[in-house]
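Residue-level structural notes
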Amino acid sequence: MSINEQVNAAIHTDFDGKAELAMDHSFWESFIDHSADAIGLFDLDGNILKLNKATETVFGYSREELIGNKVVTIPDESYREEVVDLQNRVKAGESIKDFETLRKKKDGTIIDVSITYSPVMAQNGKVIAMANILRDITSQKKAREELQKSEAKYRLIAENTADLIRILNLDGQIIYASPSHVRTLGRDSKYYERIRDFSFIHPHDLPVIGEQFQSMIIDKSPIHLEYRELHNDGHWVSLEAHCTPVINETNRIDSIVMVVRDQTERKHTEELLRNSDKLAVIGQMAASIAHEIRNPLTSLKGFLQFLHSNSGRGTKHYYELMLSELERINLIVSEFLLLAKPQVVRFQKTCIKRLLDHILTLINTQAIEENIEIETSFAERLPEIECDENQLKQAFLNYLKNAIEASEPGGKIVVTIDSDDHFLKVKVVDHGHGMPKDTFSKIGMPFFTTKRKGTGLGLMISQKIIANHKGSVEFDSKQNNGTTVTISLPVTRTIYVKEE
Ligand code: ADP
Ligand code: MG
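1. Brief notes about the packing of aromatic side chains
Each aromatic ring pair is specified by the distance between its two centres and by the angle formed by the two planes. Here the structure, examined in full by the defined rule, presents three aromatic pairs. Between Y191 and Y192 the ring centres are 5.0 Å apart and the planes differ by 85°, which places this aromatic pair in the edge-to-face class. Look at Y191 and you get partly exposed, because its relative accessible area is 25%. Note on Y399 and F475: the rings are 6.4 Å apart at their centroids and 65° apart in plane angle, and the pair reads as edge-to-face. Here the residue Y399 occupies a position in helix α13 (residues 389–406), and F475 occupies one in strand β18 (residues 472–478), the gap between them amounting to 76 residues.

2. Some details on the pairing of strand β16 (residues 412–419)
Of the strand pairs in this sheet, strand β14 (residues 373–378) and β16 are connected by six bridges, and their pairing is parallel. Bridging across to β16, I374 finds its partner in I413. Across seven bridges, the pairing between β16 and strand β17 (residues 423–430) is antiparallel. Note that in β17 the partner of T416 across the bridge is K427. Counted between consecutive antiparallel strands, the loop separating β16 from β17 contains three residues.

3. A few points about the site of ligand 1
Residues in contact with ligand 1 amount to 21 residues; listed here are only the nearest, N402, T449, T450, K451 and L459. G456 places a main-chain nitrogen or oxygen 3.0 Å from an oxygen atom of ligand 1. Relative to its unbound accessible surface of 530 Å², ligand 1 loses 94% to contact with the protein. Of all elements in the fold, only α13 and α15 (458–468) reach the threshold of two or more residues within the shell around ligand 1. Per-element accounting of the shell around ligand 1 gives the leading share, four residues, to α13.

4. Some details on the packing of helix α12 (residues 352–369) against α13
Relative to each other, α12 and α13 sit at 40°, their axes nearing to 10 Å. On the basis of the axis angle, α12 is oblique to α13. Crossing geometry of α12 relative to α13 is assigned as right-handed. Of the residues in α13, those touching α12 at I352, R354, L355, L356, H358, I359, L360, L362, I363, Q366 and A367 are E389, L392, K393, F396, L397, L400, K401, I404 and E405.

5. Re the confidence of the model for the protein chain
Of the residues in the protein chain, 86% reach a pLDDT of 70 or more, and the chain-wide mean stands at 85. Considering only residues more than four positions removed or in separate chains, one finds that residues 493–500, a stretch of pLDDT under 50, has 17 contacts.

6. Digging into the packing of α13 against α15
For the pair α13 and α15, the least separation of the axes is 9 Å and the interaxial angle reads 140°. The angle between the axes of α13 and α15 places the two elements in the oblique class. Considering the relative orientation of α13 and α15, their crossing is left-handed. Here Q391, L392, Q394, A395, N398, Y399 and N402 of α13 come into contact with α15, specifically with G458, L459, I461, S462, Q463, I465, I466 and N468. The residue makeup of the contact of α13 with α15, split by class, is seven nonpolar, eight polar and no charged.

7. With respect to α13
One turn of the α-helix equals 3.6 residues, which is why residues spaced by three or four share an orientation. The terminal C-alpha atoms of α13 lie 26 Å apart, and with 18 residues this matches the ideal 26 Å at 1.5 Å per residue to within 8%. Taken residue by residue, α13 has Q391, L392, K393, Q394, A395, F396, N398, Y399, L400, A403, I404 and A406 as its buried positions.

8. Structural notes on the sheet that holds strand β8 (residues 164–168)
Here we have five strands laid out as an open sheet, ordered β9-β8-β12-β11-β10, and antiparallel in their pairing. Since the sheet does not close on itself, it has two edges, and those belong to β9 (174–177) and β10 (223–230), each with one partner. Neighbour to neighbour, the strand axes of the sheet diverge by 30° on average, direction disregarded. For strand β11 (residues 236–247) and strand β12 (residues 253–262), the ladder comprises nine bridges, and the chain directions are antiparallel. In the strand pairing of β12, I247 is matched with I253.

9. Considerations on the sheet that holds strand β7 (residues 127–136)
Strand pairing in a sheet takes place through backbone hydrogen bonds and is either antiparallel or parallel in direction. Pairing in this open sheet of five strands is antiparallel, and the strands run β4-β3-β7-β6-β5 from one edge to the other. The sheet is open, and its two edges are formed by β4 (48–51) and β5 (96–104), each paired on a single side. Averaged over all pairs of adjacent strands, the angle between their axes in this sheet comes to 30°, without regard to strand direction. Alignment of strand β3 (residues 38–42) against β7, held across five bridges, turns out to be antiparallel.

10. Some thoughts on the pairing of β9
For a regular strand, side chains alternate in direction, first toward one face of the sheet and then toward the other. For β8 and β9, the ladder comprises three bridges, and the chain directions are antiparallel. Its bridge partner lying in β9, L168 is registered against I174. In sequence, β8 turns back onto β9 through a hairpin of five residues, with G172 there showing a positive phi of about 85°.

11. Looking at the nonpolar core
Nonpolar side chains in soluble globular proteins tend to be buried together. Ranked by internal contacts, the top residues of the largest apolar core, which has 37 residues, are I352, L392, F396, Y399, I413, V426 and I487. Where this core is concerned, the elements lending two or more residues are α12, β15 (385–387), α13, β16, β17, α15, β18 and β19 (482–490). With near-sequence residues (within four places) excluded, F396 lies in contact with I352, L355, L356, I359, V426, I487 and L489. With 23 residues, the next largest nonpolar core counts F213, L225, Y227 and C243 among its residues.

12. Structural notes on unusual backbone geometry
A positive phi angle, near 45°, is found at D98, a position not held by glycine. With respect to the helices and strands, D98 occurs in strand β5. If you check the backbone angles, N251 has positive phi at about 65° while not being a glycine. Mapped onto the secondary structure, N251 falls in the loop between β11 and β12.

About the criteria used
- Residues numbered from 1 in each chain as written.
- Chains lettered and ligands numbered in written order.
- Predicted model: local features only at pLDDT ≥ 70, side-chain atom pairs only at ≥ 80, totals over all residues.
- Heavy atoms only, no water.
- Phe/Tyr/Trp six-rings, centres within 6.5 Å; stacked < 30°, edge-to-face > 60°.
- Buried < 20%, exposed > 50% of the residue type's maximum accessible area, 1.4 Å probe, protein only.
- Helix = DSSP H or I, 4+ residues; strand = E, 2+ residues; numbered from the N terminus.
- Pairing = 2+ DSSP bridges.
- Near = heavy atom within 4 Å.
- Polar contact = N/O pair within 3.5 Å; in protein donor to acceptor, adjacent residues only side chain to side chain.
- Areas by Shrake-Rupley, 256 points an atom, 1.4 Å probe, with all protein chains shown as cover.
- Axes fitted to C-alpha atoms, helices over the stretch in contact; angles between N-to-C directions.
- Parallel < 35°, antiparallel > 145°, perpendicular 65-115°, else oblique.
- Left-handed = near helix turned anticlockwise from the far one by under 90°.
- Contact = heavy atoms within 4.5 Å.
- pLDDT = per-residue confidence, 0-100.
- Nonpolar A, V, L, I, M, F, W, Y, C, P; charged D, E, K, R; others polar.
- Expected span 1.5 Å × (residues − 1).
- Core = buried A, V, L, I, M, F, W, Y, C linked by side-chain atoms within 4.5 Å.

Right, dumping it as structure tokens:
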């Protein structure tokens with residue numbers, strides 16, 4: 001029996017239509033006073049006739065304070081109109097269900113309420129009073145808002161992630177598909193929400209997926225799948241998926257959340273990694289091959305020299321050519337060996353001035369031979385750097401040799417060393433022929449050289465050495481104007497270098 005009917009049944013009316021509300025007290029107690037909702041009975045002028053106990057709990061007023069008055073529990077007078085309007089509708093015979101509005105408790109707290117209004121009718125069908133049932137829905141509403149917020153949050157994630165998110169029913173059909181499907185599979189999410197077969201799954205993978213899906217439903221535990229799905233343009237996309245059953249209060253599976261990820265990229269990276277492994281192996285092999293080449297080269301050179309010294313005049317030229325070609329092979333192999341050979345790198349605190357002085361002594365003979373002056377300008381106080389001396393020497397030698405080779409006789413090269421808090425800067429400035437744009441873009445590439453007897457490995461090796469020292473190299477060059485090489489090396493204490 002609805003409240004309306006209960007109230008109606010409890011009301012006796014006289015025949016001239018005047019309401020005589022004789023309420024059976026025990027009935028009121030048993031049905032209405034035990035309700036957790038506030039229940040009230042109003043006369044047609046909107047005055048409160050009766051209230052149940054719960055009204056006191058909901059609003060904090062005693063019933064005596066309220067009965068006989070109009071509604072006082074509205075937050076402010078602006079709500080009066082709403083109350084009057086609702087009561088007018090009820091007076092006209094309308095029932096109003098779950099009307100949500102605000103009310104104020106005696107202590108001033110504003111609460112969210114849901115009110116159901118019903119007209120109370122006499123047997124002749126005339127409305128003689130109004131009943132209302134009011135429920136405090138503050139916490140319910142808050143929970144609903146929280147839920148909406150968290151739903152919005154999850155939706156935001158689902159709508160924006162690159163992963164494919166799906167919600168499936170127990171038959172494996174997709175109820176929701178995230179927008180990211182277009183990007184990965186070329187098809188709109190609506191396609192997946194509509195499709196009722198599994199034609200988009202690779203036929204070879206389907207039976208296994210089916211089995212795993214069934215076991216997930218039986219065990220109620222997540223599964224991991226690796227399989228293929230059809231892209232809109234006809235190719236198969238490798239996917240990995242994580243399926244988690246969503247279990248409701250009755251311990252049944254409501255739905256399945258599936259997060260699917262495109263594996264193509266990962267597979268590609270794995271392949272790259274495998275390839276770089278291969279490269280490392282090739283590097284190691286190259287080192288031993290270089291050794292193998294150098295040994296016979298040495299004996300070839302020896303015998304050629306021997307034959308050369310015993311040869312007649314006519315063949316001298318050929319021997320010289322052969323020897324110089326052998327020398328070239330030797331040079332290339334040595335430089336290559338330096339590049340590929342596993343080297344024990346020993347980092348030590350080093351004074352850069354001493355290191356450069358040492359190199360300059362070494363290179364000066366060549367410079368003097370070519371009539372080139374090397375000028376130095378070192379800052380007074382320079383921090384020490386941690387480096388592998390031999391490697392760094394090799395790099396600086398390369399830069400200096402290139403500078404000499406680019407300079408005209410009578411030219412000048414300036415070497416400066418400077419530092420700031422973080423970096424030590426070595427500059428090698430020459431006024432030689434410089435580089436045209438075309439050359440500039442290719443320097444450092446293996447075997448790129450513009451010299452008749454060059455190897456095109458010097459800069460590449462030097463670059464690698466400086467990078468091993470966590471440093472950087474910068475070139476500035478203008479054709480016919482000279483080149484400046486700036487080498488920056490960190491002055492930090494610890495340098496982490498991987499052993500090669
Ligand atoms: P290589 O010296 O054996 O040719 P490098 O790797 O040392 O090999 O140099 C590659 C090329 O870069 C050189 O052939 C040259 O064309 C250009 N290059 C390098 N340093 C300079 C420089 N200081 N001035 C002009 N060109 C340079
Ligand atoms: Mg060189």
